[in-house]
Every structure is written in structure tokens, then in C-alpha cells.
Amino acid sequence: MTKRNKKSKSSDNPKTKFVVMGIIGAIVIGIVSFGIISPDSFIVGNSSDSHLSLDPNASYPILGSPSAPVTIVEFGDYQCPFCQKWNMQTKPSIVKNFIETGKAKLIFIDYTIIGPDSIKAHAGSYCAGDQGKYWEYHDYLYSKQGHENNGWVNSENLKLLVRDMDGIDIESFSQCLDSGKYEEKVRNNKNIATKAGVDSTPSFVIVGPSEEAIPITGAQPYTVFERTIEELLT
């Protein structure tokens, strides 16, 4: 756990969606230490004085069907080695057994705590999303991850890295990245998570169909997520 610490398809690809959180309910997170909060403190619904909700007017990337009964919310940083571990070792089985079967969907929230280059790396994900390639970028960047804060995702290196991605219009991507178009969105997502008490990556909240929510901290193995999701579906 880190603490700090071919041709492009259009955006109607069913696995490349951005949803308004109001569609699935605002996820509300208690303002206490994320690692020790009681699962009963995680609820979905309207915010109260003691809870903080993700911005219901903001769109967040979603992998899977918006109508899937279980929502997996991940807080991560593209420079985080344990986020990479989870993405490459645990997520594929979740995608196969829960997301592709319509039982769960995944929402990724930027939590850029590693260093300043993380802002550009995460802003780049939305630039790729403009071309319908958000999740392709997401997986590609983790597969090419360098060492923390060594410049591998500074602006110029990121453009060179993404140039080799299949289906990306690098000129449009570079213009978007240089414009800083999505940097405020990334910062806002981090602020939301920080105020909620999230302090490590990766961190997760698993929300069931009855709006019960269970926190999971760290790059836990597939069995932990399988057990949690199955419990929520029961």
C-alpha cells in the first residue's frame, strides 16, 4: 500500500463510459480515517453534516454497465506501484467474473498523492477519454509504469509514451494535455478524497444494491473482492 506516502473506436464503446454520479447515487464517505472507519459509516444517498459526497454533477469514468448492482470505487494514482499491482493482478479477474457478467461496475477516482507528475498523468486519462480511450490509457499507463517521481510521466515523456498507444491521435492528445483542460478536475477529485479521509492508494469502497458499502484498503487479492461482492449480492 502506497501512502502519501488498430483504429480508435468512438466513445460509444460499452466499456468506455463516463457517468454522472447522480445516475447511480452519490457515494457518501464518512469524514474519518479511511483505514479504520466502520463499514456501517459508508452509505449511498444524500449527504448530511457528517458525510461528504462525491460531486453528483461531475462525470466519472465507469467500466461496465451503469445498471450493474455492485459499484466498485477505486481511489488510485498512476505512479503508485501497488495500484499497478492491483490493476494487473486483481482487476482482470474482477472484469471477467463480475464486470463482464453485469454484476459490478468499476469507477476510478483520481487520488494523486505521489508527486506533481501524477497530475499530468491523470489529466491525460481524460484527454484519452475524449477519444474514447480512457480505459485503454488507464491499463496502458500502468503497464508502462516507471519509478515514482523520476519524470516518466512528466508532460513530454507522457506524450512520447502515449504515442505508441494503439488508436490515439497524438496531436489532439498533446493539445489537450498542454491546455491543462482536465487538471482542475483531477485536483478536485483528490480534494474530495482527502476531505473524506482517504490517505493511501489503492483504496476502495464496494457499494451493494441495498446501498451497504464496505471499504477495502490496499492491493488486496482477488479473493477479498470476490468474497465482498458475493456478500453484497446475497
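Q: What am I meant to see in the packing of aromatic side chains here?
A: Centre distance and the angle of the planes are the two values used to describe a pair of aromatic rings. Within this structure, the stated rule accounts for eleven aromatic pairs. Ring centres of Trp86 and Phe225 lie 5.5 Å apart, and the angle between their planes is 55°; on these two criteria the pair is classed as tilted. Taken as a pair, Trp86 in helix H2 (residues 81-89) and Phe225 in helix H9 (residues 222-233) lie far apart in primary sequence, 139 residues in all. On the basis of relative accessible area, Trp86 is assigned to the buried category, the value being 1%. Pairing Phe98 with Tyr222 gives two aromatic rings, centres 6.4 Å apart and planes at 40°, and the pair type is tilted. Of this pair, Phe98 sits in helix H3 (residues 91-99) while Tyr222 sits in helix H9, placing them 124 residues apart in sequence. Of the two residues examined, Phe98 and Tyr222, each falls in the buried class. Grouped by ring-pair contacts, the aromatic residues Tyr78, Phe108, Tyr137, Tyr142 and Phe173 constitute a single cluster.

Q: Could you clarify how one ought to interpret the confidence of the model for the protein chain in this entry?
A: Low-confidence regions, as indicated by low pLDDT, have predicted coordinates that should not be scrutinised in detail. Predicted confidence across the protein chain gives a mean pLDDT of 80, with 75% of residues reaching 70 or more. Across the protein chain, the element-wise mean pLDDT spans from 34 in strand S4 (residues 43-44) up to 98 in H3.

Q: Which parts of the structure should I look at to understand the pairing of strand S10 (residues 203-207)?
A: Looking down a regular strand, the side chains alternate between one sheet face and the other. Across the five residues of S10, five count as buried, placing the element largely inside the fold. Note: strand S7 (residues 70-76) against S10, five bridges, orientation antiparallel. Bridge pairing links Val73 to Val205 in S10. Connecting S10 to the antiparallel partner strand S11 (residues 213-217) that follows it, the hairpin turn spans five residues, and Glu211 within it adopts a positive phi of roughly 75°.

Cut-off values and rules
Residues numbered from 1 in each chain as written. Predicted model: local features only at pLDDT ≥ 70, side-chain atom pairs only at ≥ 80, totals over all residues. Heavy atoms only, no water. Phe/Tyr/Trp six-rings, centres within 6.5 Å; stacked < 30°, edge-to-face > 60°. Helix = DSSP H or I, 4+ residues; strand = E, 2+ residues; numbered from the N terminus. Buried < 20%, exposed > 50% of the residue type's maximum accessible area, 1.4 Å probe, protein only. pLDDT = per-residue confidence, 0-100. Pairing = 2+ DSSP bridges.

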